[in-house]
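# Breakdown of the fold
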Amino acid sequence: MQDSVGKFVEISIAVVPGAGACTVVSKEIAFDDHSWTVHCYPRGAPGEPGAGGYLSIHLVNHTNVRNAKVLFQAIVLCRATDMAGAGGVAPPRDNYHASSVFEYPAVGTRRFPWPRVVGVRDLHDCCAVGGYATVVCGLAVLRHNPIPAPPSTYAADLAGLLEARKKFGEPDASFAVGGRTFDVVRSVLAARSSVLKAELDASGDTDTPAAMPTIRPEHGFSAATFCALLLYVYCDRLPRGGEVGCAVTTELVGELLAAAEWYALGRLKLLCARRLWDGLCVANVSRTLRYAVRCRCPELRSACIDFLTVGHNLKEAFPTEDFGWLMKNSPEVYEEIKRRFEAKNGGGGALAAGAGDDNAVVCTSSSGQSSLSG
């Protein structure tokens, strides 16, 4: 599954013949928790081929972008000429372009350079207006989520109900969860989940609203989590903002994943897994993997393990309490992390628990030297 976002930024570069030029850095280009800046070197970056004679443009990433394809284009606008008409902007064929497509995570660098975009003389003679040249940069991010989201079953689940009535009708049961009471329509919940139907059936039927049964489930989920579950049941989506009474945090989505497992809502499980993946970082990958293991979500589990094998992610995630829980309670997951880590690092690495220390990891190369330790 892929989604894309794009933004533009305009940069003005002072063009002074025969004088040195300072680096010009754009404002931040941000998408969610990721950000880039564009660095323009009017006379080339130090050490580049042709430095001093060409405009150089660098795209610099300031965050740990993962599983994303980035499309970047920089256009140095030329001055309008008599042949360009009266619009004040030269035709696109007369502008200077630099463009590329690349994938993250990038290996070894967060900086992508274009060293010879336009010569200094052409920059002054063809592009400068009032002593300044204009560079327009566009950045589009095409993000890949490895966890599939199946099509909605909402319409099919409620087809018979919607044919019989134009609205859900009056509540005829309630759930007491986390100190709150939620009034519900039995037929809606029963149509969406066989487990909810079983809980409702176990409560018995009533003929009057005054005797409306109250179900007290044994799962122990919070009121906010159950509210988010009902939001999915009725509206077929995840919560936004504070509409369930609190912020939508990693912890809330993790508990909602557990609720989806409890109530056998497979599509909700995958939606939660996708949301957790979108917010994945080194600080929470161990906890997210713990959610995946406990809630039996193989898609999220595999994605988290792949994330741990990238760069220094495993080294940074290892000291956390949640990683310790995984080692103690899910040794098969730890063994899978070892296998994938060794396979991704050329097959010459060995990952093993430190002797006598449940919270130590050592990764050794074929030469026996330690390359990763807790």
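Residues numbered from 1 in each chain as written. Predicted model: local features only at pLDDT ≥ 70, side-chain atom pairs only at ≥ 80, totals over all residues. Heavy atoms only, no water.

It is worth spelling out the overall build of the protein at this point. Each helix and strand counted, the protein has 13 helices and 15 strands in total. Counting the 374 residues in the protein, one finds 43% classified as buried. Across the protein, every contact between residues at least 6 apart in sequence was considered, and the portion connecting residues at least 24 apart equals 64%. Of the roughly 19,000 Å² that the protein leaves accessible, carbon and sulfur atoms contribute 52%. (Helix = DSSP H or I, 4+ residues; strand = E, 2+ residues; numbered from the N terminus. Buried < 20%, exposed > 50% of the residue type's maximum accessible area, 1.4 Å probe, protein only. Contact = heavy atoms within 4.5 Å. Areas by Shrake-Rupley, 256 points an atom, 1.4 Å probe, with all protein chains shown as cover.)

A word on the sheet that holds strand 12 (residues 214–215). Backbone-to-backbone hydrogen bonds join strands into a sheet, with any given pair of strands oriented parallel or antiparallel. What the three strands build is an open sheet, ordered 11-10-12; its pairing is mixed. At either margin of the open sheet sits one strand with a lone partner, and together these are strand 11 (180–184) and strand 12. Contacts from helix 5 (residues 194–203) reach strand 10 (173–177) and strand 12, with the element oriented near 105° to strand 10. Strands strand 10 and strand 11 of the sheet are contacted by helix 6 (residues 223–235), whose axis makes an angle of about 10° with strand 11. (Pairing = 2+ DSSP bridges. Axes fitted to C-alpha atoms, helices over the stretch in contact; angles between N-to-C directions.)

Overall, the coordinates contain zero disulfides when judged by the stated rule. Between Cys137, a free cysteine, and Cys40, which holds the nearest cysteine sulfur, the sulfur-to-sulfur gap is 5.6 Å. (Disulfide = S-S within 2.5 Å.)

Next up on the list: the confidence of the model for the protein. Residues at a pLDDT of 70 or more form 75% of the protein, whose mean pLDDT is 79. Ranking the helices and strands of the protein by mean pLDDT puts helix 7 (residues 250–262) first, with 96, and strand 15 (residues 370–373) last, with 31. Note on residues 352–374: pLDDT is under 50 here. Beyond four places in sequence and across chains, it has 42 contacts. (pLDDT = per-residue confidence, 0-100.)

Before going further, it helps to spend a moment on the environment of Thr181. You can see Thr181 is positioned in strand 11. On the accessibility criterion, Thr181 (52% relative accessible area) is exposed. Each C-alpha atom of the pair Thr181 and Arg216 lies 9.5 Å from the other, and the pair is 35 residues apart in sequence. Contact partners of Thr181, with chain neighbours within four places excluded, come to Ser174, Phe175 and Ala176.

A word on the packing of aromatic side chains. With the rule as written, the count across this model stands at seven aromatic pairs. Each residue in the set Phe175, Phe182, Phe226 and Tyr263 is aromatic and connected to the rest through ring pairs, giving one cluster. Here the guanidinium or amino end of Arg116 rests over the ring plane of Tyr54, the centre of that ring lying 4.0 Å away. Seen from the ring of Tyr232, Arg192 lies directly overhead, with NZ or CZ sitting 4.8 Å from the centre. (Phe/Tyr/Trp six-rings, centres within 6.5 Å; stacked < 30°, edge-to-face > 60°. Lys NZ or Arg CZ within 6 Å of the ring centre and 35° of its normal.)

Axis separation between helix 6 and helix 7 bottoms out at 9 Å; the angle between their running directions is 65°. Relative to helix 7, helix 6 is oriented so that their crossing is right-handed. For the pair helix 6 and helix 7, contact is made by Ala224, Thr225, Ala228 and Leu229 and by Leu252, Glu255, Leu256 and Ala259, respectively. Tallied by class, residues from the contact of helix 6 with helix 7 come to six nonpolar, one polar and one charged. (Left-handed = near helix turned anticlockwise from the far one by under 90°. Nonpolar A, V, L, I, M, F, W, Y, C, P; charged D, E, K, R; others polar.)

As a further point, take the pattern of salt bridges. Under the definition given, this model contains 13 salt bridges. Here Asp322 ties to Arg287 by a salt bridge, and the two come within 3.1 Å at their closest N and O atoms. Placement of Asp322 in helix 12 (residues 321–329) and of Arg287 in helix 9 (residues 285–294) is noted, with a sequence separation of 35 residues between them. With relative accessibility at 10%, the residue Asp322 sits in the buried group. A salt bridge links Asp322 to Arg290, with the shortest nitrogen-to-oxygen separation between them at 3.0 Å. Of this pair, Asp322 sits in helix 12 while Arg290 sits in helix 9, and the two are 32 residues apart along the sequence. Residue Arg290 is classed as buried on the basis of its relative accessible area, which comes to 18%. Sharing partners across several salt bridges, the network here consists of Glu251, Arg287, Arg290 and Asp322. (Salt bridge = Lys/Arg side-chain N within 4 Å of Asp/Glu carboxyl O.)

Among the nonpolar cores identified, the biggest contains 65 residues, and Phe175, Leu189, Leu268, Leu289 and Leu300 are the most heavily contacted of them. At 10 residues, the largest contribution of residues to this core is made by helix 6. When near neighbours in sequence (up to four residues on either side) are disregarded, Leu289 contacts Arg301, Cys304, Ile305, Leu308, Leu326, Val333 and Ile337. Among the nonpolar cores identified, the runner-up in size contains 32 residues, and Val76, Leu123, Cys127 and Val135 belong to it. (Core = buried A, V, L, I, M, F, W, Y, C linked by side-chain atoms within 4.5 Å.)

Further remarks concern the side chain of His219. Mapped onto the elements of the fold, His219 is located in the loop between strand 12 and helix 6. Classification of His219 as buried rests on a relative accessible area of 14%. Looking at His219, its side chain comes within polar contact range of the main-chain nitrogen of Phe221, at 3.0 Å. In terms of polar contacts, His219 uses its side chain to reach the side chain of Tyr263, at 3.0 Å. Those residues in contact with His219, other than ones at most four positions away along the chain, are Val177, Phe226, Trp262 and Tyr263. (Polar contact = N/O pair within 3.5 Å; in protein donor to acceptor, adjacent residues only side chain to side chain.)

Before going further, it helps to examine helix 9. The α-helix winds at 3.6 residues per turn, so residues separated by three or four positions along the chain end up facing the same way. Burial of helix 9 is extensive: eight of the 10 residues sit out of reach of the surface. By the burial criterion, the buried members of helix 9 are Val285, Ser286, Thr288, Leu289, Arg290, Tyr291, Ala292 and Val293. Arg296, located one to two residues past helix 9, shows a positive phi value of around 55°.

As for its placement among the helices and strands, Ala264 is situated in the loop between helix 7 and helix 8 (266–278). Accessibility expressed as a relative area gives 51% for Ala264, which makes it exposed.

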